[in-house]
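Structural features, examined
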Amino acid sequence: GTPLKDWDIKINYGIKTGFNDAFIIDGKKKDELIAQDPKSAEIIKKFIRGRDINNTKFNYNEYFLINSHNGIKDKEIPRIDVLNDYPAIFNHLKQFEKELISRQDKGDHWTNLRNCAYLEEFEKDKIAFPVINRKWSFIFVEKGIQVLAPMRFITANSKNELFYIKSIFGGNLIKWYWKRVGNMQDNNGFQMDSYIVEMIPIPKIPLEEQQPFIDLVDIILKKKEKGEDTTIEEQTIDMLVYKLYELTDEEVKVVEPGFALSKEEYENYELEG
């Protein structure tokens, strides 16, 4: 495989607010701010955090992020001017003025979030994962939804590329591999250090060969949204991954002791339907 760092992808940290009590609001407060000033909706964003996800979808938590970012001067993206442009949000943040001024990681104005050089990456499709990944979870997150630190996320050139990478990452083989090359917590949580994530070897194969993986991830996401079981699809991905890495039947049994196909069935296995 090719180490992930040599793919045309990016791995970044989620947003750090420096004071979540001010910038994270519930649905009721969101509605109040928009009722006071409809323009407030422009910078109130959906977000996810590590506790909200499993391996295939996120359980939306009904909380929202006030994304008063600090812009990117080199790219001529202006900072959010909360004081002059978003009066309802300014009045909300003003009650936390003392705490927000005392932050070390604030932007140009105390109402702004810290500088973020990869601000545009949050507007792309992405794969997000917790830093302490107890459930071996890698979740596809649609463009525009923010990712909150300490989570990290991967962006790529296309949704298909993300689906392919997710199919490899989410299965039993890389989980088994990580236990031998990565860092583990005492409670069996996987510590997802970026320098190890970017070294995971992913085979670069033509798009037409990636398609079965991509299709299965798409099916899983759609089924999960409906609350349907995806065990067969997940097992099928594992099977395709074993074959992709050219594991023998005996090697697969090391990774997955319950592996039950005969050698002939394994060697002849192909995705059907």
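Higher on the page you've got the structure.
Since the model is a prediction, treat every value here as computed from it, not as a measurement.

Across a sheet, strands are paired by hydrogen bonds formed along the backbone, either parallel or antiparallel in direction. Across the sheet, which stays open at both edges, the three strands sit in the order β7-β12-β11 with antiparallel pairing between neighbours. Single-partner strands in this sheet number two, and they are β7 (132-133) and β11 (183-184). As defined by bridge partners, β7 adjoins strand β12 (residues 190-191) across two bridges and the pair is classed as antiparallel. Within β12, the position partnered with N133 by the bridge is F190.

Taking 1.5 Å of rise per residue, 14 residues should cover 20 Å, and helix α10 (residues 231-244) covers 20 Å from first to last C-alpha, within 8% of that figure. What α10 keeps buried is the set E233, T236, I237, D238, M239, L240, V241, Y242 and L244. Once α10 finishes, E246 follows within two positions and takes phi at roughly 60°, a positive value.

What follows concerns the side chain of K126. Relative to the helices and strands, K126 is located in strand β6 (residues 126-129). Although buried, K126 forms no salt bridge, and the nearest oppositely charged side chain, D125, lies 6.2 Å from it. In this structure the side chain of K126 is engaged in a polar contact, spanning 2.7 Å, whose partner is the backbone oxygen of K124. Of the polar contacts made by the side chain of K126, one reaches the backbone oxygen of I145; its length is 3.1 Å.

What follows concerns the packing of helix α6 (residues 159-169) against helix α9 (residues 207-225). Put simply, α6 and α9 touch, their axes get as near as 8 Å, and they point 85° apart. In terms of axis orientation, α6 runs roughly perpendicular to α9. The residues of α9 that touch α6, namely those facing N160, F163, Y164, K166, S167 and I168, are Q210, F213, I214, V217, D218 and L221. Class assignment for the residues of the contact of α6 with α9 results in seven nonpolar, three polar and two charged.

About the criteria used
As a convention, each chain's residues are numbered from 1 in the sequence order in which they are written. Under the rules for a predicted model, residues below a pLDDT of 70 receive no local features and side-chain atom pairs below 80 are neither given nor counted, while totals for whole chains, interfaces and linings still include all residues. Excluded from the side-chain calculation are hydrogens and water; included are all heavy atoms of the structure. One bridge is not enough; two strands pair if DSSP finds at least two bridges between them. Counting from the N terminus, the helices are the DSSP runs of H or I reaching at least four residues and the strands are the DSSP runs of E reaching at least two. The length a helix should cover is 1.5 Å for every residue beyond the first. For every residue, the accessible area (1.4 Å probe, protein chains only) is compared with the maximum for its type, and the residue is labelled buried under 20%, exposed over 50%, or partly exposed between those bounds. Charged residues are defined narrowly, with Lys and Arg counted positive, Asp and Glu counted negative, and His plus the chain ends left uncounted. Salt bridge, as used here: a side-chain nitrogen of Lys or Arg that lies within 4 Å of a carboxyl oxygen of Asp or Glu. Polar contacts, as counted here, are pairs of nitrogen or oxygen atoms within 3.5 Å of one another; within protein the pair requires one atom able to donate a hydrogen and one able to accept it, and residues that are adjacent in sequence qualify only if both atoms are side-chain atoms. Orientation is described by axes fitted as lines to C-alpha atoms, over the contacting stretch for helices, and by angles from 0 to 180 degrees between their N-to-C directions. In these notes the angle categories are as follows: under 35 degrees is roughly parallel, over 145 is roughly antiparallel, 65 to 115 is roughly perpendicular, and the rest is oblique. Residue contacts follow a heavy-atom distance rule, with two residues in contact if any of their heavy atoms lie within 4.5 Å. Residues are grouped as follows: nonpolar covers Ala, Val, Leu, Ile, Met, Phe, Trp, Tyr, Cys and Pro; charged covers Asp, Glu, Lys and Arg; every other residue, Gly included, is treated as polar.

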